[in-house]
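Analysis of the macromolecular model
So the chains spell out like this:
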Amino acid sequence: MSSEHSQGHDEHHQLSWWRTYVFATDHKMIGLQYGITALFFLLFGFCLMMLMRWQLAYPGQPLPVIGKWLGSANMPDGVMLPEFYNQLGAMHGTIMVFMGIVPLAVGAFGNYIVPLQIGAADMAFPRINMVSYWAFFVGGVVMLTSFFIPGGAASSGWTSYTPLADIATTGQTFWIIGMVCLITSSLLGAVNFITTIIQLRTKGMTFMRLPFFVWAQFVTAFLLLLAFPPLEAAAILQLMDRIAHTSFFLPSGLVVSGQPLEISGGGSVLLWQHLFWFLAHPEVYVLILPAMGVIAEILANNTRRPLSGYKSLVYSVLFIGFMSFIVWAHHMYLTGMGTTISAFFQATTMIISIPSVIILTVFFLSLWGGSIRFTIPMLFALAFLPMFGIGGLTGLPLGLNITDIPLHDTYYVIAHFHYIVAPGTIFALFAGIYFWFPKITGRRMNDVLGHIHFWPSLICMNLIFMPMFIQGLAGVSRRLYDGGAEYAHAQGTLHLNVLISWSAWILAIFQLPFIFNLIWSLFKGPKSNDNPWESTTLEWATPTPPPHGNFVKIPEVFRGPYEYSLPGAKTDFAPQCQQIVT
Amino acid sequence: MWGLPDNAAAHGAEIDFVMLLFHILMLILFIGWGIFFLVALVRFKKTSHPKADYHGIRSHFSSAVEIAVAIIEIILLAAFSIPFWAKQVNAFPNRKDALEVRVIAEQFAWNIHYPGPDGIFGKTDIQLIDKQSNPLGIDQSDPHAKDDFVTINQLHLPIGRPVIIYLSSKDVMHCFSLPIMRVKQDIIPGMSIPVWFVPTKIGNSEIGCAQLCGLGHYRMKGFLTIHTQEEYDKWLAEQSSQSESSGEDSFWN
Ligand code: HEM
Ligand SMILES: [Cu+2]
Ligand SMILES: [Cu+2]
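Quantities reported herein were computed from a predicted structural model and do not represent experimental measurements.

Moving on, we come to the sheet that holds strand 2 (residues 109–114) of chain B. Residue and element names in this part refer to chain B. The sheet built from five strands is open, its strands ordered 3-2-1-5-8 with mixed pairing. The open sheet has two free edges, formed respectively by strand 3 (149–152) and strand 8 (193–197), since each of these has just one partner strand. Each strand of the sheet is rotated relative to its neighbour by a mean of 25°, with strand direction disregarded. Bridging between strand 2 and strand 3 involves four bridges; their strand directions are antiparallel. By the bridge assignment for strand 3, Y114 is matched with F149.

So, on to the site of ligand 1. Residues and elements named next belong to chain A. Close contacts around ligand 1 come from 26 residues, with Y85, H92, W158, H418 and R479 the closest. Note that an oxygen atom of ligand 1 is positioned 2.8 Å from one of the backbone N or O atoms of W158. Residue H418 places a side-chain N or O atom 2.7 Å away from a nitrogen atom belonging to ligand 1. Contributing elements (two or more residues each) for the shell around ligand 1: helix 3 (27–57), helix 5 (82–118), helix 15 (411–441) and helix 16 (447–473). For the shell around ligand 1, the element with the most residues is helix 5, which contributes seven residues. Counted by class, the shell around ligand 1 contains 18 nonpolar, five polar and three charged residues.

Take the sheet that holds strand 9 (residues 203–209) of chain B next. Residue and element names in this part refer to chain B. Read from one edge to the other, the open sheet built from five strands follows the order 4-10-9-6-7, with strand pairing classed as mixed. Where the open sheet ends on each side, the last strands, each with one partner, are strand 4 (154–158) and strand 7 (183–187). Strand-to-strand, the axes of this sheet are offset by a mean angle of 20°, without reference to chain direction. Bridging between strand 6 (residues 174–178) and strand 9 involves two bridges; their strand directions are antiparallel. Residue S177 lies in a different strand from strand 9, and its bridge partner there is G208.

On to the interface of chain B and chain A. Taken residue by residue, the interface counts 80 residues in chain B and 90 residues in chain A. Across the interface of chain B and chain A, roughly 7,600 Å² is buried in total on both sides, 70% from carbon and sulfur atoms. For the chain B face of the interface with chain A, the top three residues by lost area are Y54, W85 and Y218 of chain B, together amounting to 11%. At the surface where chain B touches chain A, the tally comes to zero salt bridges. Viewed at the interface, chain A and chain B are joined by 29 residue pairs in polar contact (both at pLDDT 80 or more). Listed by contribution, the elements that provide at least two residues to the side of chain B that touches chain A are helix 1 (12–43), helix 2 (61–90), strand 7 and strand 9 of chain B. Looking at which element gives the most residues to the side of chain B that touches chain A, the answer is helix 1 of chain B, with 17 residues. For the side of chain B that touches chain A, the class distribution of residues is 48 nonpolar, 15 polar and 17 charged.

All names here are of chain B. Burial analysis of strand 9 places five of its seven residues in the buried class, which makes it a mostly covered element. As judged from the five bridges shared by strand 9 and strand 10 (residues 222–227), these two strands associate in the antiparallel manner. Bridging across to strand 10, N204 finds its partner in T225.

The rules behind these values
- Counting restarts for each chain, with residues numbered from 1 along the sequence as it is written.
- Naming scheme: in the order in which they are written, chains are lettered from A and ligands are numbered from 1.
- Selection of residues for local features in this predicted model requires a pLDDT of at least 70, selection of side-chain atom pairs for listing and counting requires 80 or more, and totals for whole chains, interfaces and linings are taken over all residues.
- Hydrogens and water are ignored here; the side-chain numbers use all heavy atoms of the structure.
- In short, DSSP must find at least two bridges between two strands for them to pair.
- Starting at the N terminus, helices and strands are each numbered in turn, a helix being any DSSP run of H or I of at least four residues and a strand any DSSP run of E of at least two.
- To get an axis, fit a line to the C-alpha atoms, keeping to the stretch in contact for a helix; angles then go from 0 to 180 degrees between the N-to-C directions.
- A molecule or strand has a residue near it when one of that residue's heavy atoms lies within 4 Å.
- In protein, a polar contact means a hydrogen-donor-capable atom and an acceptor-capable atom, both N or O and within 3.5 Å, with residues adjacent in sequence counting only if both atoms are side-chain atoms; elsewhere, any N or O pair within 3.5 Å suffices.
- In this classification, the charged set is Asp, Glu, Lys and Arg, the nonpolar set is Ala, Val, Leu, Ile, Met, Phe, Trp, Tyr, Cys and Pro, and all remaining amino acids, among them Gly, are polar.
- By definition in these notes, contact holds between two residues if any of their heavy atoms fall within 4.5 Å.
- When two parts are put together, the accessible area they lose, computed with a 1.4 Å probe and summed over both, is reported as buried area.
- A side-chain nitrogen of Lys or Arg and a carboxyl oxygen of Asp or Glu constitute a salt bridge if their distance falls within 4 Å.
- Under the scheme applied here, a residue whose accessible area is under 20% of the maximum for its type counts as buried, over 50% as exposed, and between as partly exposed, the area being computed with a 1.4 Å probe on protein chains only.

Below you can see the structure in the form of structure tokens.
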């Protein structure tokens, strides 16, 4: 294949600029497109949240300078309206989850790294891959456009619970259409990943020799494939409720501001929640599994020893994959659930916590006996462990309904899942960027800037989310436009909002070294060789950057992915594709 | 206690106790992991341990920890959570011994429907709803409705007696939250969901809405007053006589 693609071309066969950079079919270019777009959306979602943090720290006070730019429909005289706050909240959640983390973790890292790690020339369906990116792009544009229509963007939370979402402004229709595009994108991607991983593994790459990152992407693809269709269907039903006046989610007898609603009724409000969470619980594993995959690669590489329990990791991740389909109703304990059903969902929730504990334990144990190099990727990977630990542990009281009663829908929940996705997943993704940057660009990123990025980010993340646990225990609800200022029981913890908000803004400032580092290193970073981290997996056996078709010669695999410090070997790493260990 | 709101309900101590157990468990695990983590980082950094060990740890201590965590989870689930739900959320006190109240949520207020001295709720009909005079559409031709009265955002209850509250919504989802009563229950349009508790302290506190319900969600606040039985009877008598004379509430005017 490399002869077909990279050699002996006359001018006519050269891919045009459009086919190379825009409607690309090469998995690496698509991965980069995903990555850049998703990083942009992450930044955008972060900006939305920084605006909200102003209102939470200083409720009702005009936001200097920026406030006026945002228009009198949103922030008259710089003071945020509740309508706008709700839009920011809903869109922050939606953008971060569906347009930031998933496309970055799966679309970008998955696309770029999986074919390289399994020794394939490309994904199984390059054109489907292209369509998948463009569906994502269109979905993103629809979501962004919704800020500029009358009534603004969706404002019913990222969960879009009915009936509120059914009767919300036009922004909700945009949200649904955007979601349908994003879901379609993920489904196309999932089919592609599954086929690629099953079909295109190179000779010798058995399933039990797959790098853990590939396993994580494999399970993730199944989650996307099986969990998203119900939400896509549900979204269309909600669209019908909104534009065709059906009543899938609307019961009879609704009276909105004193006026009976002109609907046929007979629908079910809870149906939406079941369909939503049937997706959204697996979705939280979509947000975390690829991150765990990245962590596994970086830990093995920087401890210079095999992971302590590759098999436990693989079985745990498969088990999580199955279990994640039968825990969804733990988000719905307070909807009036009986003892039997809630006992079932509590039991499954406690059961699914065990493989997560095992994965974390394997990671911790892998450090023991290592020869640990504190590279920038490793720093982020190490920080991931206790941060994910906090996020995971605090999930336990939310998983039992007795303690969920006081904690449900409070800032405790916000703190819990942000520990998983922000200093958890995002740190893992930063680690991945620092780790694979030399392969992608042929240049290394700057270490000093890396430290300036890492340490303040770690501190700020904790200053942001730790106080939210305290607010949550005090009973402060989430999604409150004034952060709880209205309520007596919140008064004791309101002052924390100022600390949280300033930490969030400072966190933003300390992302600048990262952005600068990315751009500067791309052009000016020191040149890197093909395998700068002395790693074992196949992506490091390609030329740098990998050409179209990836490998000069299709590699053959002779051993497992993490054969570091093999007794008797001269070097401390034994690449998967090297037949004889020297 | 450690930042939780005051507890003024009979069942609250049990919730708080499990909350405490959980946080102790979490703290122990976190500190255990943390110590292991820091020791590993110091002991096995490249400069102090230049050659990595292929085999690493060979003890089964970690499996023991995993099993211990699983057992503790099973205990918390089987000994506390499931029995609690069965007796406090799923089972209800005898209706004769309990006080019954309906709470009908709407954007952005709590309508509280008391059955009056006869203890029976009058019929309601959405066609009769009038935002000003009859927010719940109570059918005055029903004899049981005569002594019914409706307050807005004011829930008054006597101490020491079980109260069953039937929650429903006129428009969108809300969530009935009484932090000091350790009560929180989603309100689902189209359903009537009961909750119950026994107040154990006299005083004033608040009702919060804990489910995003629109732009006024943040100020959908009500007030909860727990009286002694005598005070409560007095308040009840005042309210029912008022309702029979005017049938109106001043909130909307
Ligand atoms: C460090 C960066 C971040 C900060 C400071 C932050 C802050 C917040 C805050 C304060 C809220 C609660 C708003 C409210 O209840 O009114 C929130 C909600 C949320 N955040 Fe983040 N967030 C960050 C990153 C992320 C990431 C990376 C994700 C991705 C998965 C995410 C997903 C969500 C979701 C799903 C919600 C719920 C939205 C809703 O209520 O509908 N956030 N965030
Ligand atoms: Cu879940
Ligand atoms: Cu409400």
